[in-house]
Amino acid sequence: MLFILVFVYFLVCIFSFIYLKKLSLQDRVLCFLIVLMTTGFVYMSSILILLFLLRDSLFVKLPSNSQFIKVFLFCFIITITSFFGNNFEINFLEYFQTIILGSLVILIRRRDFNYIKSVCVGFFIGSILIAANILISEFILNSLTQETYKFFSISSTYNYTVYFLFFGLIVSPDFLFKKLYFKTLCFIVFSISSYILQSRSGFTLGLLFFVFLNIKIDFKSIFTLSAFSIAIFFLLNSSLIDKNNPNDILYSTLNLESNRSNLERFLMVIGSFEMLEKEPYGAGLGNASFLLERLGIYHPHPHNVMANWIYELGYIGIVLYVLFIFFILKTIRITQLNKEHKFKITIVIYLIGMSQLSSLQYNILVSLITYFAISLAYSNNEKLVYNNQATSLKNV
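Residues numbered from 1 in each chain as written. Predicted model: local features only at pLDDT ≥ 70, side-chain atom pairs only at ≥ 80, totals over all residues. Heavy atoms only, no water.

To continue, consider the overall build of the protein chain. When helices and strands are tallied, the protein chain shows 17 helices and 0 strands. Here the protein chain, with 396 residues, has 53% of them falling under the buried criterion. A sequence separation of at least 24 residues applies to 73% of the contacts in the protein chain between residues at least 6 apart. In the structure as shown, the protein chain presents an accessible area of about 19300 Å², 67% of it carried by carbon and sulfur atoms. (Helix = DSSP H or I, 4+ residues; strand = E, 2+ residues; numbered from the N terminus. Buried < 20%, exposed > 50% of the residue type's maximum accessible area, 1.4 Å probe, protein only. Contact = heavy atoms within 4.5 Å. Areas by Shrake-Rupley, 256 points an atom, 1.4 Å probe, with all protein chains shown as cover.)

Okay, structure coming up:
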C-alpha cells in the first residue's frame, strides 16, 4: 500500500507542477501540500503545511504592528489560561496547535487569484483521490469499514473526510469550472461518497449549497428542491429501507433508551454553560473530556466548537468563539449578491454550521482545512474569479 501511495502522490506532484506552470513555485507547492493532506499521515502532512504557512505569514510579507500585538495578546491569554487557570493536566500538543493556528488566522491576509486557484485545485485533486478510493473500496473491493479506512482519508474518519470533500467537490468546482454539468458531476460524486460514509449532515449541506451556488436565486425553488432531496436521502438511509440501520434519523432521535447520540450532543452543549460556575477558566486545552465525564458523558470532545472552547477555556472560550464568528462574517462584504459573494457566503455559512455540528479542532489537520477555507473566503477574488479573460480551466 505504501508503494501505491508514493506512486500516486508522485504523479499528482508532477501533474500539479505542470498544470499550474503559470503560477509561482510557492503556489504550486501549496497546491501539492493540500493534496498531501489526504494521504492519511496526519502529522507528516500537517508539519509540512505549518512550515510553509509560517514562512509565508512571517517572511514573505512582514505582518503589521497591529497584527503582532494581536498575536501577542492571543498567545498571552491562551498561555495564562492553560498554565494557571485550570486544575487539570496541561496538554502541550493542543496548546502549541492552538497557539500556532490562532496566530496564523490573525496573520491571514487577502490573497490574489493565483492563491485561490492553487488552494481550490489542491482541494479538488485531493477530493478526487479520496472519492476514487471510497468508490473502489465500496463497489469493487467491498472492504470499506471505519476500522480499515486509513489512507486516502482525513484523519481516518468519515465525518472529517466529508468535511474536506465539501471544499473539494462543492466549493472548488464553483471556482474552477464554468459549465454546470461538470459541477453537477462533482456534486454527484460528493453525494455518493457522503452517503457511503454515512454523513447525513455532509450530504444535506452539500445539496443546499450546490443549489445555492448554481441555481438562480429563487428561494421557493431552493426550498422545494432541498426539502424533497433531504426527504429522499433520509428515506433511503432509514429503517424503512433497512430495518437494521443504526443511523436512522428518527430512530436515533426518538429511541433514547438504546440510542442517545442526539440527546447527548444536546446535553454536552447545555452542560458547557453549567460548568462555567465550577470551572470559569475551563479545564485547559484538550481537556474537555474531563468535564464531560462529570456529566456522565464519555466522549473526547462535545461535537460543537463553542461548547468545546467553553469546556476548555471557560468564559474566554465564549469570547474567542464570538470573535471567530465575527471574523469570518467580516469576510463577506455584500453590495449585491453576485457569484463572488455566493462563493464566500457558502464557505462562511458552512463553517458556522459545521462549528455547531462538529469539533473543527479535532486535530491539527482538520484545523488546517478550516484555515484554508477561511483564507478562501477572506481573499479578494472580486473581478478575478469570474472574469471571462481569466478562467482557471480553459479547456473545460
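Let us look at the nonpolar core. Residues Met37, Phe123, Tyr163, Phe167, Ile347 and Phe372 are the most contacted members of the largest nonpolar core, which totals 93 residues. With 13 residues, the top contributor of residues to this core is helix 7 (residues 158-176). Once residues within four sequence positions are removed from consideration, Phe167 is found in contact with Phe123, Ser172, Ile347, Tyr350, Leu351, Ile369 and Ala373. (Core = buried A, V, L, I, M, F, W, Y, C linked by side-chain atoms within 4.5 Å.)

This part is about the packing of helix 7 against helix 8 (residues 180-196). At their nearest, the axes of helix 7 and helix 8 sit 9 Å apart, and the two run at 170° to each other. Taken as axis vectors, helix 7 and helix 8 run roughly antiparallel relative to one another. Together, Val162, Leu165, Phe166, Leu169, Ile170, Pro173 and Asp174 of helix 7 and Lys183, Cys186, Phe187, Val189, Phe190, Ser193 and Ser194 of helix 8 make up the contact between the two elements. (Axes fitted to C-alpha atoms, helices over the stretch in contact; angles between N-to-C directions. Parallel < 35°, antiparallel > 145°, perpendicular 65-115°, else oblique.)

One pass over the full model with this rule turns up 4 salt bridges. Residue Arg109 pairs with Asp56 through a salt bridge whose shortest N-O separation is 3.5 Å. Residue Arg109 is found in the loop between helix 5 (92-106) and helix 6 (113-140), and its partner Asp56 is found in helix 3 (residues 42-60); the two are separated by 53 residues along the sequence. The burial state of Arg109 is the same as that of Asp56; both residues are buried. Between Asp174 and Lys183 there is a salt bridge whose closest N-O contact spans 3.6 Å. For Asp174, a relative accessible area of 1% puts it in the buried group. Classification of Lys183 as buried rests on a relative accessible area of 7%. Residues joined by salt bridges that share partners form a network here, namely Asp56, Arg109 and Arg111. (Salt bridge = Lys/Arg side-chain N within 4 Å of Asp/Glu carboxyl O.)

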